[in-house]
Number of protein chains: 2
Amino acid sequence: MAAEDSLSSPGLDRVAGEKFLQEAFQIMLEEGIRKGMDASEKVCIWKEPEELQQILDLDLKDSGEPHEKLLERCRDVIRYSVKTCHPRFCNQLFSGLDPHALAGRMITEMLNTSQYTYEIAPVFVLMEEVMLKKLRKLIGWEKGDGIFSPGGSISNMYAMNVARHHRFPDCKQKGHWAIPKLAVFTSEECHYSIQKGAAFLGIGTDNVYLVAVDEKGKMIPADLEKKINQAKSEKALPFFVNATCGTTVLGAFDPLPEIAEVCTRHKLWFHVDAAWGGSALLSQRHRHLLDGIERADSVAWNPHKMLMAGLQCSAFLVQDNSGLLQRCHCAQATYLFQTDKFYNIAYDRGDQTIQCGRKVDCFKLWLMWKANGSKGLEQRVDRAFAYTRYLAGEIKKREGFQLVIEPEFINLCFWYVPPSLQGQEGCTDYWVKLEKVAPLIKERMMKKGSMMVSYQPLGKKVNFFRQVVTNPAVTRDDLDFFLDEIGRLGRDL
Amino acid sequence: MAAEDSLSSPGLDRVAGEKFLQEAFQIMLEEGIRKGMDASEKVCIWKEPEELQQILDLDLKDSGEPHEKLLERCRDVIRYSVKTCHPRFCNQLFSGLDPHALAGRMITEMLNTSQYTYEIAPVFVLMEEVMLKKLRKLIGWEKGDGIFSPGGSISNMYAMNVARHHRFPDCKQKGHWAIPKLAVFTSEECHYSIQKGAAFLGIGTDNVYLVAVDEKGKMIPADLEKKINQAKSEKALPFFVNATCGTTVLGAFDPLPEIAEVCTRHKLWFHVDAAWGGSALLSQRHRHLLDGIERADSVAWNPHKMLMAGLQCSAFLVQDNSGLLQRCHCAQATYLFQTDKFYNIAYDRGDQTIQCGRKVDCFKLWLMWKANGSKGLEQRVDRAFAYTRYLAGEIKKREGFQLVIEPEFINLCFWYVPPSLQGQEGCTDYWVKLEKVAPLIKERMMKKGSMMVSYQPLGKKVNFFRQVVTNPAVTRDDLDFFLDEIGRLGRDL
C-alpha cells in the first residue's frame, strides 16, 4: 500500500500506546523505584561489557517487537542500570530520588516542548523566569538575568563567553584575531570544564592560569595576584576569574571576598562556579560558606546535584540586566523570533542562548520547591551536612579510617587502611600499597552490589574515597553500613 | 530538632511519594495525552503572560504545599501548555507523541544517571554506541565515532571544534592567536547555529562566509568556490564547510556531491547539518535527497525532530575513528576517569565530550526503534512525505492558496491570499497587505486554539506559512481541516 493511500486512518495506535505507557510505568515503579530505594536490594548488578551486551541484545532490526517483549526490555534496562536512588549509592555528586521532581520530569517529557518562545512554552517561559529570580535572590542579587543550560560545564562556558563579550563586544563578529590574547584564572582544583571551555571557546588551555590552593584546596588570593601579573608579563590580557564554591573532590570553597577584591582592582569578570556548592545558599546555617557570592558577575549553580532536581538542571545566572545575554548570543532567526507577533515578544527568550531547541529544565525544580518549600529544601541541605559530620566523627573513632581533610562541606574524603598496613606509615612502600586499596574495595563493592562510592588520587595524595551523601532517604543505619562495609571489603588487603 | 538528631529516620516519605507519582501519572495520561491527542480539544489555551502568571501563582514560598494542591498544579501546567502531541499542532519541526519513546524518557528520568562512565551507566554506554553505529550505518559509514549532544546547535559547534582541532591541534592549548584567521562556509539559508557557533568558538561571525543559494534554497557550489577564494584574498584560512540537509524554512537540501568535491579539492572539513533532514535516510524512497552524505567528515542529526524521539535527542557523528573526539575534548579528570579501574576503561566515553554530567538521550530512541523496527520508522518518514504531497496537491486546487515553492522535502510553504487580495498581484501594495495576513491568521488560530502553524518571511518573500506534518496520528481529515481552517480564519482579511 502506497503511503498516500493510508492517510485516511491514523498511523499510530493510541489505545495500544496508552496501555504500554501504563504497564511500563508500573514496571518503573516496581523495578526502579521500590526495589531501587530498598536497601536490601543491590545498588547495581555488575556485568562485564561483553556479557551485558549479550544479555541486552541491543541490535536494531528491520521489524518491530511485540508488546510483552518491549516491556521485558524496559525491565532489563532498569535491572542492569545503577540505582542512583538507592540509599547506598554515593558515587556521584547527585543521588536519591525526589518524587515531585520526578513527576515534573515525566510531565515535561510528555509535554515535549522547547523553551524558546512564549507561544510554544507559555507556562515554562514564565516559570523559568520565576525560578531564576528565586536563585538570584538567594545569591543576594535584586536584579539580573539567566538561563537554564544543559549542565555546569556549559554554564561555565556561558560565563566565559559573556565575560568576553562584555569586554570585547567586537569578538562576536571578528573573532579572537581582532582582540588581545586573553587570560583566564582559576584554581588548581577547579572543575575541568574551565579547561574544556577555554579550549572550546578558542582561548586555549595554555591561557588558563592555575592559581595555587592552600592545604584545604582553597584558592590563594595572593597567588591570583601573582598569576595576573605573570599573564601580563606574558602579553596575555586577564579578563576572567573563576572561583569555585565546592570543588569536586574536597568540596573546598574559594575565598570569595578576597577574590572579588582582586577582580575589582584589576577590572576582571568575576565568575563563581557554584555548580556543586550553590545549594548551600538555602541553609541559614551554612550559607556563610558562600559569603561574597553577591559580588560575582555570574554564577553557575546545578540544582540537579544536591537538591535532587534530576539531570539536567543547571542555572547560569548573571547580575547584569542590561540585556548582555541577549546581545552576546542573539542571531535573530526570523522563523522563530518574528517581530510582528501579536504578543509581547520580550517573552521570547530563546535568542539569549547558544541553543535553538532547549529542553525545559525548570519545572522539576519548581514543582519540588512548591512541594517542600524553601524550608523543606533547607532541611535537606542541613541533613546532608549532618550526614557528613556524623561520618567524620565515626571515622575519627574507627581504627583503619583516616580523614584526608576535615570536611568543611559535604565531601567526606578518607582513606581506609587495612590491618596489614596499619601503623606502617613510615615504611617506604606504605603509600604505594595504600594506593591500591581503594580501587580493590571499589571493585569488590561493585561486584557485590552492596554500595557505590567513588575514589580518586589528588595531587600527592594517593587514592582515597570521596563519599557524598545527599539522599534524604539515608538514615544513620546506612551511614554505619557504609563504613562497616568498607572495613569488611578491605580488611584482608 | 537539630539535623543530627533526625538521622535515625528517613527524611523522605516513600509511600507518599509513590502515591503522588501514581496520581500525577494518571493526570498526565488524562489531561496531557488523552485530551492532548484528541482533535476535538484545543491545541492551546491562549492567555496573555500577565493573566497566565496570575492563574499559575508561580512564586516560591518558605512552606511546602499539600498533596492535592500539588496535583492541581500539575493539572494547570498541563492545561495551559501547548499540546505538541495534538494532531493540529504543526508549528515546529517536531510534533506528535510516540508512546515507546515517552516510556523510554520516563524510565531515563527515573534512573537519573549520567552518560560519562560505564560504572555509572553500563546499559546506556553500550546502548549509545549501538545507536550511534546504527545512525552511522544509515549515513553509509562502516566506521566512525560520535556522541549525543543537547541539540543540533551544539552538535554543529562540535563539528566546528573537531574540524579546527583536526587542522590545528595546537589551538586547543594555544588558542586562536597561534593559528591563522579561520573561515567557515555555509549557505545563506543555513541554520542560525552556524553563526552562533562561530561566535561562541571565538571564530567570529564575520568569518562565516554565506554562500548564495538557488531559487530552491540550495547552496550554489560555484559560489562556494568563489567565497573560498574571497576568504583567501581576505587573509582568512578556509577550514570548514557546512552543508544543510533540510533547511529550516524551505526544507532545501544542499547538493552534497558537488560540495564534497569542492571540499576535497581545497582540503576542507565537510560537515553536514542534517539535524532536520537526516531522518529521510530511513526511507528507501527518499534517502536519495541526501546522496553524498557518506562523503561527509561529520554529520549532525536530530531524531527528536522527524522521528519523534522527544527533546533532546541530537547525534553528532564523525567518520574519523582514530580518537579525534577524545583528543579534541579530553581533560582527563582523575575523579571520573581513573586509570586504575577494574574494568576496560575504553568504555568510559565521557571525556570525548565538552560536558561533564550528560543526560542519557539514547534510550528513548532505542526503545522506539525496537518497537517499530527500521521498517516502521521508514513508514513514518514516508507518511510525512505523503502528508506534504497531499497538502501541496490541495493547495494547487484551492483558490486563495499559493505555494511558495514546490516541496522537495516535507516543509510546505504557502501563502493564503484572502478574497480581498485575490487577483491583485499587480497592485503596488499587494505584498505589503499580504505580509500582514499570516500574522493575523496566526493570532486568530492561537486565540481560538484550533491549530498551530508557523509563518515567517524569507528574503524578499513576505510572511508565508510553513506547515510541517510529521505526527503519524494525523489523518487526511486533519490535513483538510488545516487548509479549511486557514481559509475560515482569514477570508475576511
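This text goes with the structure placed above it.
Residues numbered from 1 in each chain as written. Chains lettered and ligands numbered in written order. Predicted model: local features only at pLDDT ≥ 70, side-chain atom pairs only at ≥ 80, totals over all residues. Heavy atoms only, no water.

**Q** Give a description of the sheet that holds strand 9 (residues 401-403) of chain A that names residues and reports values.
**A** Residues and elements named next belong to chain A. With mixed pairing, the five strands of this open sheet are ordered in space as 1-11-12-10-9. Strands at the two margins of the open sheet, each flanked by one partner only, are strand 1 (89-90) and strand 9. Here strand 9 runs beside strand 10 (residues 412-416); their pairing, made up of three bridges, is antiparallel. By the bridge assignment, glutamine 402 is partnered in strand 10 with tryptophan 415. Contacting strand 10, strand 11 (452-458) and strand 12 (461-467), helix 14 (residues 437-448) runs over the sheet at an angle of about 160° to strand 11. (Pairing = 2+ DSSP bridges. Helix = DSSP H or I, 4+ residues; strand = E, 2+ residues; numbered from the N terminus. Contact = heavy atoms within 4.5 Å. Axes fitted to C-alpha atoms, helices over the stretch in contact; angles between N-to-C directions.)

**Q** Explain the packing of aromatic side chains to me, and be specific about the residues and the numbers.
**A** Tallied over the entire structure, the rule returns 46 aromatic pairs over all chains. Taken together through their ring pairs, the aromatic side chains of Tyr158, Phe200 and Phe316 of chain A together with Tyr158, Phe200 and Phe316 of chain B make up a single cluster. Arginine 88 of chain B extends its terminal NZ or CZ atom over the ring of phenylalanine 481 of chain B, reaching a point 3.8 Å from the ring centre. For the cation-ring pair, arginine 476 of chain B lies above tyrosine 390 of chain B, with the distance from its terminal atom to the ring centre recorded as 5.5 Å. (Phe/Tyr/Trp six-rings, centres within 6.5 Å; stacked < 30°, edge-to-face > 60°. Lys NZ or Arg CZ within 6 Å of the ring centre and 35° of its normal.)

**Q** A description of the packing of helix 12 (residues 363-397) of chain B against helix 14 (residues 476-490) of chain B should follow, citing residues and the corresponding values.
**A** Residues and elements named next belong to chain B. Between helix 12 and helix 14, the shortest axis-to-axis distance is 11 Å and the interhelical angle comes to 40°. The angle between helix 12 and helix 14 places the two elements in the oblique class. For helix 12 against helix 14, the interelement crossing comes out right-handed. Of the residues in helix 14, those touching helix 12 at Tyr387, Tyr390, Leu391, Glu394 and Ile395 are Arg476, Leu479, Asp480 and Leu483. Across the contact of helix 12 with helix 14, the residue classes tally to six nonpolar, no polar and three charged. (Parallel < 35°, antiparallel > 145°, perpendicular 65-115°, else oblique. Left-handed = near helix turned anticlockwise from the far one by under 90°. Nonpolar A, V, L, I, M, F, W, Y, C, P; charged D, E, K, R; others polar.)

**Q** How would you sum up the relation of the copies chain A and chain B? Please name residues and give values.
**A** Overlay of chain A on chain B (RMSD 0.0 Å): rotation 180°, translation along the axis 0.0 Å. Both chain copies can therefore be described as sitting about a two-fold axis. Judged by C-alpha distance, leucine 201 of chain A is the residue of chain A that lies nearest the rotation axis, at 2.0 Å. When the interface residues of chain A are mapped onto chain B, 100% of them again fall at the interface, so both copies present the same face. (Least-squares fit on C-alpha atoms with pLDDT ≥ 70 in both.)

**Q** Go over helix 10 (residues 256-266) of chain A with me, naming the residues and quoting the values.
**A** Residues and elements named next belong to chain A. Where helix 10 is concerned, the buried positions are Leu256, Ile259, Ala260, Val262, Cys263 and His266. Taken around the axis of helix 10, the buried residues stretch over an arc of 160°, which confines them to a single face. Facing away from the buried surface of helix 10 by more than 90 degrees, the exposed residues are Thr264 and Arg265. Those residues of helix 10 that are buried lie in contact with helix 9 (221-233), strand 5 (237-244) and strand 6 (269-273). (Buried < 20%, exposed > 50% of the residue type's maximum accessible area, 1.4 Å probe, protein only. Arc of directions from axis to C-beta.)

**Q** Report on the pattern of salt bridges, specifying residues and quantitative values.
**A** The full count for this structure, using the stated rule, is 77 salt bridges over all chains. With its nearest N and O atoms 3.0 Å apart, the salt bridge here joins glutamate 109 of chain A to arginine 105 of chain B. Highlighted residues: glutamate 109 of chain A in helix 4 (residues 99-111) and arginine 105 of chain B in helix 4 (residues 99-111), drawn from two different chains. In this structure arginine 105 of chain B comes out as buried when scored by relative accessible area, which is 3%. For arginine 488 of chain A, the salt bridge identified is with glutamate 485 of chain A, shortest N-O distance 2.8 Å. Taken as a pair, arginine 488 of chain A and glutamate 485 of chain A lie in helix 15 (residues 476-490) at a separation of three residues, close to a single helical turn. Take arginine 488 of chain A: its relative accessible area is 37%, and that puts it in the partly exposed class. Exposure remark for glutamate 485 of chain A: the relative accessible area of 1% places this residue in the buried category. Because the salt bridges share partners, they merge into one network encompassing Asp57, Lys61, Glu65 and Arg73 of chain A together with Lys370 of chain B. (Salt bridge = Lys/Arg side-chain N within 4 Å of Asp/Glu carboxyl O.)

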